[in-house]
Amino acid sequence: RIFLYFFCMKRRLLHRIVAAATLLTGLAAVGGALTACAEMVPQSQVQRVDSLNAEAYRCRFRNPQQSSRLAQEALNEASLYRAGRAEAWNHQGMAAFMRMEYDEAARCFDQAEKSTRHQTELLMADVGRMKLCQRTSRNKEFYDYRNRALQRLSRINEEGEAAGRTHDGERLRSSHEQERLRAARSELFITSATYYYYLQQQEDARRSMELLREDRE
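Residues numbered from 1 in each chain as written. Predicted model: local features only at pLDDT ≥ 70, side-chain atom pairs only at ≥ 80, totals over all residues. Heavy atoms only, no water.

**Student:** What am I meant to see in the layout of surface pockets here?
**Tutor:** Summary: where empty space remains is shown by rolling a probe the size of a single water molecule over the atoms. If you add up the space inside the second largest pocket, you get close to 270 Å³. What lines the second largest pocket is a set of 16 residues, among which Phe61, Lys131, Glu187, Ile190 and Thr191 lie closest to the centre. Listed by contribution, the elements that provide at least two residues to the lining of the second largest pocket are helix H4 (82–98), helix H6 (119–135) and helix H8 (175–198). Element by element, the count of residues in the lining of the second largest pocket is highest for H8, at 6 residues. Here the residues of the lining of the second largest pocket are counted per class, giving 7 nonpolar, 4 polar and 5 charged. (1 Å grid on protein atoms, 1.4 Å probe; cavity = no way out; pocket = protein on both sides within 12 Å on 5 of 7 lines; lining within 4 Å. Points joined across faces, edges and corners; volume = space filled by probe spheres on them. Helix = DSSP H or I, 4+ residues; strand = E, 2+ residues; numbered from the N terminus. Nonpolar A, V, L, I, M, F, W, Y, C, P; charged D, E, K, R; others polar.)

Here it is in structure tokens:
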């Protein structure tokens, strides 16, 4: 009887373990489905946010106030589009930088980084911080952000090679993503060259300009 009792207890325990494992598997499947649904962004939202962000970028120098307004509109529209939100925060950061509101610019670049894992927008945020460090004479931090930006660029290039490229050498991205990546690379090299020029590091400045020319060819 004692043997039969323990045998029955072991079977009950085994059934409970199997039931618990089945429940956890089901919950994981539901969670995965919910995550997948959360990451689905309506194409209309992507197009609208990309359009607003593209215009915000075009007028960032000649009309920072207009750029900020467009970026805010993009933020309002990008409820699901995380890369679009990050781009809008980067535009807000640049607009604040142009107004010489450096603390606000830093906050915006931080928000961009928190919004996404999209490497191009993270690269843009690092370049924005490089501009801030140059303007506020924080030399060590400039190099820290520049090194991080170069690491991001290297990662983007590696991912592009893994995913395959089109006939013109670009990874299979949307046209807006391609434009953002080209802009990020150009701004990285221009910001570096400007920094080195003012520090009278002519060789480093020349090399950065060479990288810019190579990138545009």
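So, next bit.
**Student:** How should the packing of helix H2 (residues 43–58) against helix H3 (residues 64–77) be read in this particular structure?
**Tutor:** Pairs of packed helices are described in terms of their axes, by the angle between the two and the distance that separates them. Where H2 meets H3, the axes come as close as 8 Å, and the angle between the chain directions of the two elements is 165°. With respect to each other, H2 and H3 are oriented roughly antiparallel. Considering how the two elements wind past one another, H2 and H3 form a crossing that is left-handed. Counting all contacts with H2, which are made through Gln45, Arg48, Val49, Leu52, Asn53, Glu55 and Ala56, the residues of H3 involved are Ser67, Leu70, Ala71, Glu73, Ala74 and Glu77. Within the contact of H2 with H3, the residues separate by chemical class into 6 nonpolar, 3 polar and 4 charged. (Axes fitted to C-alpha atoms, helices over the stretch in contact; angles between N-to-C directions. Parallel < 35°, antiparallel > 145°, perpendicular 65-115°, else oblique. Left-handed = near helix turned anticlockwise from the far one by under 90°. Contact = heavy atoms within 4.5 Å.)

**Student:** What am I meant to see in empty space enclosed by the protein here?
**Tutor:** Throughout the structure, instances matching the rule amount to 1 cavity of 30 Å³ or more. Estimated volume of the largest cavity: approximately 100 Å³. Around the largest cavity, the lining residues are Tyr57, Asn90, His91, Met94, Phe109, Met124, Gly128, Lys131, Arg180 and Glu187. Elements with a minimum of two residues in the lining of the largest cavity: H4, H6 and H8.

**Student:** Honestly, H6 in this entry has me stumped. Any pointers?
**Tutor:** Because an α-helix completes one turn every 3.6 residues, residues spaced three or four positions apart along the sequence face the same direction. Taking 1.5 Å of rise per residue, 17 residues should cover 24 Å, and H6 covers 24 Å from first to last C-alpha, within 8% of that figure. For H6, a buried count of 15 out of 17 residues is recorded, marking the element as mostly surrounded by other parts of the structure. Following H6 by one or two positions, Ser137 has its phi on the positive side, about 60°. (Expected span 1.5 Å × (residues − 1). Buried < 20%, exposed > 50% of the residue type's maximum accessible area, 1.4 Å probe, protein only.)

**Student:** Help me out: how do you make sense of the packing of H2 against H8 in this one?
**Tutor:** At a minimum axis separation of 11 Å, H2 and H8 run at an interaxial angle of 30°. In this view, H2 runs roughly parallel relative to H8, as classed from their interaxial angle. In this structure, H2 crosses over H8, and the sense of that crossing is left-handed. In this structure, H2 contributes Asp50, Ala54 and Tyr57 to the contact, and H8 contributes His176, Arg180, Ala183 and Glu187. Class assignment for the residues of the contact of H2 with H8 results in 3 nonpolar, 1 polar and 3 charged.

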